[in-house]
Amino acid sequence: MSQHPPLTGNIPPQQKNKQKTVVPLAAKEKEITLLDLLDRILNKGVILYGDVTLSVADIDLVFLSLKVLLTSVETAEKMKRAATVRLGAGVGGAVTIEAPVESKSPPKTGTIS
Amino acid sequence: MAALYLYAITDRTAAPLPDLAGLEDAPLYQLACQDLMGVMSAVTTTQIQATESNLWQHEAIVEALMADRAVLPVRFGTVFANEAAAQAELLAHQADLLASLNRVRGRVELGLRILLNPTKGGGLSSDEPTSPVASLPEPVTNDQPENVALKQSAPASRGRAYLMTRLAEEQRARIERQQTGAQVAEIHMPLARLAVDSVQQVLVTPRLLLTAAYLVERNQVEVFRQAVVALSDAHPDLSLLCTGPWPPYNFVDLHAPVEPGG
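Engineer: Help me out: how do you make sense of the packing of aromatic side chains in this one?
Structural biologist: Given two aromatic rings, their pairing is described by the distance between the two centres and the angle made by the two planes. All names here are of chain B. Applying the stated criterion across every chain, the model contains three aromatic pairs over all chains. For the pair Y5 and Y7, a centre-to-centre distance of 4.7 Å together with 55° between the ring planes defines the contact as tilted. Taking relative accessible area as the criterion, Y5 reaches 0% and is therefore assigned buried. Here Y7 falls in the buried class, since its relative accessible area comes to 0%.

Pasting the structure below:
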């Protein structure tokens, strides 16, 4: 069965997070795998324009702000472009992205830059 | 309001869906669309939160599907008003989606990051005397006595000094990128040969020398992994981090709209 452990380095295998109980990971491993997931699931894959726009404002900025900068500045920029392009798909008002990625607390309006 | 959340696009297949719940604990179901299938679930909220839990739940579904069929992972947060809307969108891109499915069938994605180890001396960004950048004009710094005179000089001189500094910085950055490119090529090239396709990005940050993804035949995953281990041993000044197998996020050709370099 496919797994998400880092395949190299002396990092022990990670148990997939699809069952009710999850084996606790070392913080570093969890960060690394989450970064890889974010880079893919938020930015890549098939991109279709549905009828309901994902509210970028609701993304958990606490972890995004710390991690996006480390691994993918381009992801943040693409998300910014994607969010501005998807205006008008049923969500009233503009979703603007302006806070610096170093910010550690989610801005009230849920913006990132 | 009930809407439909899309996790992945697969071939038409009789294989049963994985025994997993969708978001909001809703059951998964398949929406047939000519030669394609969308794996979906009903959602009641328009505010799909990209929390860690939701992201992993979405990912777990896609990976479970990947175990026994070709899968195109769909970006998180794709929701349609109803079945007709979803089918219309899938039909509109059917040819591209089928081509993408054929491209990834039997293959998985492996990710690689190459990081410069911080414990090593200076790394690329330090001003070591043996570095090639020593041959470039020294940037004007506050330590140099000449600069004192410059600071007191006319604005034109200060402007020129600034431009010279910027020029030196640009040249140094370009050399760093070239050095990095050569260094990561030693690692990337042999791995790319083991893969069907690859994408890469060099020097995303000063320490992150390479971010890459490789489309690898399932039966080549172990060979690939061992190659990474061997390369890691051969480059003790670097950290190689290989993750996967992932669904082929980086090898889906369809983007709407078309993004340059996407």
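Moving on from the coordinates now.
Engineer: What is the right way to look at the pairing of strand β6 (residues 107-116) of chain B in this model?
Structural biologist: Side chains on a regular strand alternate between the two faces of the sheet. Residues and elements named next belong to chain B. Here β6 lies mainly inside the structure; nine of its 10 residues are buried. Bridge count for β6 against strand β8 (residues 208-217) is nine bridges, and the pairing is antiparallel. Following the sheet pairing, L115 is matched in β8 by L208. For β6 and strand β9 (residues 238-246), the ladder comprises seven bridges, and the chain directions are antiparallel. Residue pairing across strands places L116 opposite L238, the latter belonging to β9.

Engineer: Is there a simple way to think about the nonpolar core in this case?
Structural biologist: Soluble, globular proteins show a tendency: their nonpolar side chains are buried together. Counting residues in each nonpolar core, the largest one holds 48 residues, and the members touching the most others are L112, I114, L191 and Y214 of chain B. A total of six residues in this core trace back to one element, the largest contributor, which is helix α1 (residues 52-66) of chain B. With near-sequence residues (within four places) excluded, I114 of chain B lies in contact with V184, I187, R207, L208, L209, L210, L238, S239 and L240 of chain B. In terms of nonpolar packing, the next biggest core, distinct from the first, is built from 22 residues, L48 of chain A together with A86, L97 and L101 of chain B among them.

Engineer: Help me understand the confidence of the model for chain B, please; the structure alone is not making it clear to me.
Structural biologist: If pLDDT is low for a region, its predicted coordinates should not be looked at in detail. Residue and element names in this part refer to chain B. In the predicted model, chain B carries a mean pLDDT of 83, and 82% of its residues have values of at least 70. Across chain B, strand β4 (residues 71-73) holds the top mean pLDDT of 97, while helix α4 (residues 145-151) sits lowest at 51. Below a pLDDT of 50 lies the segment residues 255-262, which in the model reaches 10 contacts outside its immediate sequence neighbourhood of four places, other chains included. Reported confidences for the modelled complex are a pTM of 0.66 and an ipTM of 0.73.

Engineer: Would you mind going over the sheet that holds strand β7 (residues 197-202) of chain B with me for this structure?
Structural biologist: Working definition: the strands of a sheet are paired by backbone hydrogen bonds and lie parallel or antiparallel to each other. Residues and elements named next belong to chain B. The strand order across the open sheet built from four strands is β7-β8-β6-β9, with neighbouring strands paired in antiparallel fashion. Strand pairing shows two members of the sheet lacking a second neighbour, β7 and β9, which therefore form its edges. Recorded for the sheet is a direction-independent mean angle of 15° between the axes of neighbouring strands. Contacts from helix α5 (residues 155-194) reach β6, β7, β8 and β9, with the element oriented near 10° to β8. Together, β6, β8 and β9 form the strand contacts of helix α6 (residues 221-234), whose direction differs from that of β9 by roughly 170°.

Engineer: Could you clarify how one ought to interpret the confidence of the model for chain A in this entry?
Structural biologist: Residues and elements named next belong to chain A. Chain-level pLDDT for chain A is 51 on average; 16% of the residues reach the 70-or-more range. Confidence, read as mean pLDDT per element, is least for helix α2 (residues 61-71) in chain A (42) and greatest for helix α1 (residues 27-41) (77). Low pLDDT, under 50, characterises residues 8-24; the predicted model gives this stretch 28 contacts beyond four residues in sequence or across chains. The model gives residues 84-113 a pLDDT under 50, and that stretch makes 54 contacts with residues more than four places away or in other chains.

Engineer: What is the right way to read the pattern of salt bridges from this model?
Structural biologist: Between side chains of opposite charge, pairing is possible as soon as their charged atoms come close. With the rule as written, the count across this model stands at 10 salt bridges over all chains. Of the charged contacts in the structure, one is a salt bridge between R166 of chain B and E169 of chain B, with a shortest N-O distance of 2.7 Å. Remark: E169 of chain B and R166 of chain B occur in helix α5; sequence separation between them is three residues, near one turn of the helix. Taken together, the salt bridges that share partners define one network made up of D36 and R40 of chain A together with E109 and R113 of chain B.

Engineer: Please clarify how unusual backbone geometry should be interpreted in this entry.
Structural biologist: Both trends apply: most residues other than glycine have a negative phi, and most peptide bonds are in trans. Residues and elements named next belong to chain B. Here the bond from G244 into P245 is cis, since omega is -5°, no more than 30 degrees from zero. Along the chain, P245 turns up in strand β9. Phi at E24 takes a positive value of approximately 60°, unusual for a residue other than glycine. Secondary-structure assignment places E24 in the loop between β1 (3-11) and β2 (28-33). Overall, E24 belongs to the partly exposed group, its relative accessible area being 41%. Positive phi, close to 60°, is recorded for D25, a residue that is not glycine. The exposure class assigned to D25 is exposed, which follows from its relative accessible area of 64%.

The rules behind these values
Residues numbered from 1 in each chain as written. Chains lettered and ligands numbered in written order. Predicted model: local features only at pLDDT ≥ 70, side-chain atom pairs only at ≥ 80, totals over all residues. Heavy atoms only, no water. Phe/Tyr/Trp six-rings, centres within 6.5 Å; stacked < 30°, edge-to-face > 60°. Buried < 20%, exposed > 50% of the residue type's maximum accessible area, 1.4 Å probe, protein only. Helix = DSSP H or I, 4+ residues; strand = E, 2+ residues; numbered from the N terminus. Pairing = 2+ DSSP bridges. Core = buried A, V, L, I, M, F, W, Y, C linked by side-chain atoms within 4.5 Å. Contact = heavy atoms within 4.5 Å. pLDDT = per-residue confidence, 0-100. Axes fitted to C-alpha atoms, helices over the stretch in contact; angles between N-to-C directions. Salt bridge = Lys/Arg side-chain N within 4 Å of Asp/Glu carboxyl O.

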